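Architecture and fold: a report
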Amino acid sequence: MRYGKTLGVATALVTLTMAGQAMAEASCGMNTGEAATGDPIIVGGIYGDAAPGDWSSSTDSAAAYFACVNANGGINGRPIDYRVENDQWNPESAAQAAALLVNDTPTVAMVGNGSFIEMAVNANTYEEAGIMVMASACAISECFETPNIVSTNQGPLPSNLGAAQYAVEELGATHTACIGLNIPNNGIWSCGAVNDFMESRGLQGTSVLINPGAPDVNSALLEAMASGADTILINQPAGIALAILSAAEEQDLRDQFIWIAPTPLYDLSVPEAVGDYWDGHVYVNAELAPLNLEGPDAQNWVAVLDEYGNDDDPRDTFGQAGYLSARFFVDAMLEMDPAQLDDRAAVSDAIRGISGYTSDLMCGPYYVGDADFHMPNHAGYMVQITGGSFEIVRECYEYDSPYFEPHRALEAELGLN
Amino acid sequence: MDRSLFRITRSGWAGLALAAFAIVILPSISSRFWLSVFTSAGCFTIAIAGVAFMYARLGMVSLTQVGLMGVGGWVALRLNYAFDFPFEVNMALAALTTMVFGWILALPALRMRGLYLALVTLMAAGGLEIIFATFQFPNGGDGFWGVQTGSGEAFRRPWIAQSPEAYLRYVIACAVLGFLLIELHRRLQPGRAWALIRRSEAAAMAAGVNVTLYKTWAFGIAGLLGGGAGALLAGSLGLLDDGTFRASESVLVFALAVVGGARYWQGAVVAALLYKVLPPLLNNWGVDADLAYIIFGAGLLHAVITAPDGIAGQIMGAVKGLSRRKERADA
């Protein structure tokens, strides 16, 4: 009886705690509960939304967080005026978006950017304008190998390496076929890094590249099969990745290969979309904390979206990354001299000075530093599609590649490892 | 018709006045965003002038003009990273290479007419799209294709046009040269030959006109203009992406050339403004920029049904009507 009573109390407490978590109020910035009314601080963001993919979830989450900050005292009483533009996966539109947001508008920083195109077009513009970009859904090398862009997401190179490393160490992969987009700074760059990793382990890697404008997934699968690979790495945006899995299902290829993917496939709608056929057979790298973990930031991100976002704002990794970039930006702004909040150069210095910020969403510390390259996030999780959901199969792990040597040296310089 | 080589018509004066305004005033009053938009529009004005001239002078439908821009852009980028030539040399070589490409494309295509010619050029545009998507645009890498992961050094702009304002002026000056090149041809022997060919190829042949030569020549000029425009676009952005040069864009550009009015230089300007300025304008007004495509479709229906000379033809007709009324009133 006593045991039953104790169990009842415990159950009630757990239920109350969970209810409390579910109903948790968003916590943002100064957290005063009063709306900011001062002169706005202008912040920009660029996303890509056109075929073959929508990369706006990071700016959506950043916008929700900034709305929450504005409702909670802003930056020392000043609201953030967050202005976003769509680059439409088009270099001309990307250049025009940057001209509008960086050259024609007194933005102090760019936050939450997510694109396949704009960083390649605008990296020089950002450098010349002396503005820092705290991106969130980066997919190309310029995002990680230029001085004025830093991202909370990992991008395809680390995420692919993480997936390949898991497949080699846990699933016995010996030959990966990386199906990437035929974009030099995306698919060729990231699949090439996987091939180098496989060779460094005495194994084999092959790149299979497809045209993003007219992706022929059947041809890609046939080419991957012809390469003799035992592992298919689907290095694609979610839409094309699902098409590849669908084509593989039609040919009943599931048991002939090990199926792995980087983060874009880590979306809560994916397990249902791929169906029972793939249950337990697809392994996905998660660049940030899996969505079922309930750390303080993980919960706060959901609460912020629920309260300040739109119902259709995606709850995915890039949304987490957008939230994180916005949060780190606000934290850095709150540490600044309030008199310098409109000074782009001072804000850029403050962003470069970020070091040792932590979040339960990231496996390691976030930092920027004064360097020509930035990739603070190079450790992640591995999850498996199972039971209509994702299950963690490997907790936070560092990716093993010589590519990260300069990053680790910078971290040592900053006293972070 | 007075074919005096240096006579400036009223339309010509209007063009020169517009060019003077665009060179002197427009860059000074435009924000960086609009400088970027107008520069793109300037590049496409040149390309559209090429395709419109072929349609207006010879009745030939080319659906590969944006693909030819891609060829010019590819050559300009490759030369920029391979050699230390100044921009002008790169642009001239890119334009000439594209002209030769236009000739090569024209020779088998010229056996076709009307719809079949359009289909052949569309297939060429599709082929170029696949080549661009497969091999990408040079970005400073080694080898023939010159592609590397990561960006190379910045693309060298003309030394007199380093700033966005100066580059817009440069592009407009190039567009003026392009229009003058077309007008020069119109007033010389090729113009007379093209006029005859347009009326009747059989009659032209009977009159001793080398139809194949002059048709190929026209394709070459369209290629020259397209290639030059592609090089200018590469200079504007510093890089190019295959998404800009899809076959569907060539179809759209031709349709807009018809909407603008292929017979007039104003038509190319109107078409480029519709293509490159209208979408950001709608965006600035808070309207979905995709609405522009509906407007393009409506414009094409309007041109096909009621205005075969396009918007420019209607404007010119209205101006002529006003002039006549004024003359009558004066009399």
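If you're wondering where the values come from, they're calculated on a predicted model, not measured in any experiment.

Our next topic: the overall build of chain B. Helix and strand counts for chain B stand at 14 helices and zero strands. Each helix and strand of chain B, ordered N terminal to C terminal, gives the series α-α-α-α-α-α-α-α-α-α-α-α-α-α. Computed over the C-alpha atoms, the radius of gyration of chain B is 20 Å, within 12% of the 20 Å expected from 2.2 N^0.38 for a compact globule of 331 residues. For chain B, the spread of C-alpha atoms along the principal axes amounts to about 70 × 50 × 40 Å. In chain B, the proportion of contacts linking residues at least 24 apart, taken out of those at least 6 apart, comes to 75%.

A separate point is helix α8 (residues 238–250) of chain A. Residues that lie three or four places apart on an α-helix share one face, since the helix turns once every 3.6 residues. All names here are of chain A. Helix length check: α8, at 13 residues, gives a terminal C-alpha distance of 18 Å against a target of 18 Å (1.5 Å per residue), a fit within 8%. Looking only at α8, the buried set comprises Ala 238, Ile 240, Ala 241, Ile 244, Leu 245 and Ala 248. Buried residues of α8, seen end-on, are gathered within an arc of 165 degrees and therefore sit on one face of the element. Looking at the buried positions of α8, the neighbouring elements they touch are β10 (175–181), α7 (217–226), β12 (231–234), β13 (258–261) and α9 (270–274). One or two positions beyond α8, positive phi appears at Asp 252, with a value near 50 degrees.

A few words now on the nonpolar core. The biggest cluster of nonpolar side chains holds 238 residues, and the ones touching the most others in it are Ala 109, Ile 179, Leu 233 and Val 304 of chain A together with Ala 47, Ile 48 and Ala 257 of chain B. No other element matches helix α3 (residues 32–58) of chain B, which puts 18 residues into this core. The two domains that each donate at least three residues to this core are domain 1 (41–155 + 293–377) and domain 2 (157–286 + 383–393) of chain A. Ignoring any residue separated from it by four or fewer positions in sequence, one finds Val 304 of chain A in contact with Ala 26, Cys 28, Ala 64, Tyr 65, Cys 68, Gly 309 and Tyr 323 of chain A.

Here the focus is unusual backbone geometry. Residues apart from glycine generally show negative phi values, whereas peptide bonds are mostly found in trans. All names here are of chain A. One non-glycine residue, Asn 31, lies in the positive phi region at around 55 degrees. Inspection of the secondary structure assignment puts Asn 31 in the loop between α1 (2–22) and β1 (41–47). In this structure, Trp 89 takes a positive phi of about 60 degrees despite not being glycine. Mapped onto the secondary structure, Trp 89 falls in the loop between β4 (80–86) and α3 (91–103). For Trp 89, a count of 22 C-beta atoms within 10 Å corresponds to the buried category.

Turning our eyes to something else, we now look at the packing of helix α8 (residues 189–199) of chain B against helix α10 (residues 211–237) of chain B. Each pair of packed helices can be described by the angle between their axes along with the distance between the axes. Residues and elements named next belong to chain B. Two elements in contact, α8 and α10, have axes whose closest approach is 10 Å; the angle formed by their N-to-C orientations is 110 degrees. Between α8 and α10, the interaxial angle falls into the category roughly perpendicular. Contact with α8, carried on its side by Pro 190, Ala 193, Trp 194 and Ile 197, involves Val 211, Tyr 214, Lys 215, Trp 217 and Ala 218 of α10 and no other residues of that element. Class assignment of the residues belonging to the contact of α8 with α10 gives a composition of eight nonpolar, no polar and one charged.

Residue and element names in this part refer to chain A. Pairing in this open sheet of seven strands is mixed, and the strands run β11-β10-β12-β13-β14-β15-β16 from one edge to the other. Because the sheet does not close on itself, it has two edges, and the strands there are β11 (204–210) and β16 (389–398). Each adjacent strand pair in this sheet contributes to an overall mean axis angle of 25 degrees, direction not counted. When β10 meets β11, the two strands line up parallel, connected through seven bridges. Bridge pairing in β11 links Gly 180 to Leu 209.

Analysis parameters
- Residues numbered from 1 in each chain as written.
- Chains lettered and ligands numbered in written order.
- Predicted model: local features only at pLDDT ≥ 70, side-chain atom pairs only at ≥ 80, totals over all residues.
- Helix = DSSP H or I, 4+ residues; strand = E, 2+ residues; numbered from the N terminus.
- Rg over C-alpha atoms; globule rule 2.2 N^0.38 Å.
- Contact = placed C-beta atoms within 7 Å.
- Expected span 1.5 Å × (residues − 1).
- Buried ≥ 20, exposed ≤ 12 C-beta atoms within 10 Å, placed from the backbone.
- Arc of directions from axis to C-beta.
- Core = buried A, V, L, I, M, F, W, Y, C linked by C-beta atoms within 7 Å.
- Domains from an automatic or database assignment.
- Axes fitted to C-alpha atoms, helices over the stretch in contact; angles between N-to-C directions.
- Parallel < 35°, antiparallel > 145°, perpendicular 65-115°, else oblique.
- Nonpolar A, V, L, I, M, F, W, Y, C, P; charged D, E, K, R; others polar.
- Pairing = 2+ DSSP bridges.

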